[in-house]
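Chain residues, written in single-letter form:
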Amino acid sequence: MLFPDQLAPKMIDNILFACDFSPSSNRALAYGVDLVERTGATLHFMHVKEVSMGPFVGGEPSPEAGHGKLKAQFADRCKEALTSYTLDPDDERLSYVVERSAATAPAIMQYAEEHEVDLIVMGTHGRRGVKRVLFGSVAEEVLRSAPCPVLTARTGEDDEYTPTPGSVERLVAPIDFSDASRSALQYAVRLSTLYDAPLTLAHVVELPKIPTVYDVEFSDLSPEEIEARVRTELEEWGRSIGREGPEISYVVESGDPVPTLLDLASTPEDLVVMATHGLSGLKRRVLGSVAEGVLRRAPGPVITGREFPKQ
């Protein structure tokens, strides 16, 4: 394993853990703590208490007695959660923050921007149907608009799985040959080195929809020939990394991307790193359908981002 001073430039200096003490939040904490120990990063524990705003537009939250006590109780509860780990709850790299805001997600994103957070870590409730509302409303809004990559970990209704630090055994990087997925690949390579884990590059050919990267008409080649051409391009992307790195494997299959990727990243120890294709301005809130499907159902952690820091 490489130590923090061997990672240049350092990819993670500040981690924000959005905490609500739900089972999925507790699971996400394990990944945040592990990354702190691997990188030496600062870890900001954050809880947002939603309150009514002042009477004027743009006003501050209405004053409320006992906020200092709430912050102290939050810090105590976080420190209690850390007793399961070797990380000292009083480590100077840790901070405990309670923000009061009219809405949780904007407060998280504002804090991340103001404190130059490199990674947001949070839990999601990966449910479907009526109970799908929070994958959730807070997590989904953060994922759509976050200024940095977001690591999410979910639990199903009956899922009590909690990872131990270091439980990432493989990384999976879905590649669609866009600029966004190239940035995600570079990020995945660096994480793979950090975790000392192999990396799989994956592309799912959606037939009969043939993206222009294949440079063929649908009638020109058989599905097998298309997959062979895609594999060649995927391997070229792997070689473009241009330095010694992790063990890399390649998977090219035809079908529906979401279930195919979920079959590939099928264990809680598989970490998926992928771009969401969120855009700026009015389209900033777009979350790709493939990314959304993987996020809601992946058994392991998922790191998504509209943008990834350049190497």
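That block above? That's the structure.
Residues numbered from 1 in each chain as written. Predicted model: local features only at pLDDT ≥ 70, side-chain atom pairs only at ≥ 80, totals over all residues. Heavy atoms only, no water.

Draft legend 1. Structural context of the sheet that holds strand E7 (residues 199-205). The ten strands lie next to each other as E3-E2-E1-E4-E5-E10-E9-E6-E7-E8, forming an open sheet whose pairing is mixed. Two strands bound the open sheet, and with one partner strand each, they are strand E3 (94-101) and strand E8 (248-254). With direction set aside, neighbouring strand axes in the sheet form an average angle of 25°. Direction of pairing for strand E1 (residues 14-18) relative to strand E4 (residues 119-124): parallel, over a ladder of four bridges. The residue of E4 that forms the bridge with Ala-18 is Met-122. Here helix H2 (residues 67-81) sits on the sheet and contacts strand E2 (42-50) and E3; the angle it forms with E3, its principal contact strand, is near 140°. (Pairing = 2+ DSSP bridges. Helix = DSSP H or I, 4+ residues; strand = E, 2+ residues; numbered from the N terminus. Axes fitted to C-alpha atoms, helices over the stretch in contact; angles between N-to-C directions. Contact = heavy atoms within 4.5 Å.)

Draft legend 2. Representation of the packing of aromatic side chains in the model. The final tally for this structure, using the stated rule, is five aromatic pairs. With a centroid separation of 5.4 Å and 85° between ring planes, the pair formed by Phe-177 and Trp-237 is classed as edge-to-face. Of the two residues, Phe-177 sits in the loop between strand E6 (170-174) and helix H5 (179-195) while Trp-237 sits in helix H6 (residues 223-239), which places them 60 residues apart along the sequence. Ring geometry for Tyr-187 against Phe-308: centres 5.0 Å apart, planes inclined by 50°, an arrangement best described as tilted. (Phe/Tyr/Trp six-rings, centres within 6.5 Å; stacked < 30°, edge-to-face > 60°.)

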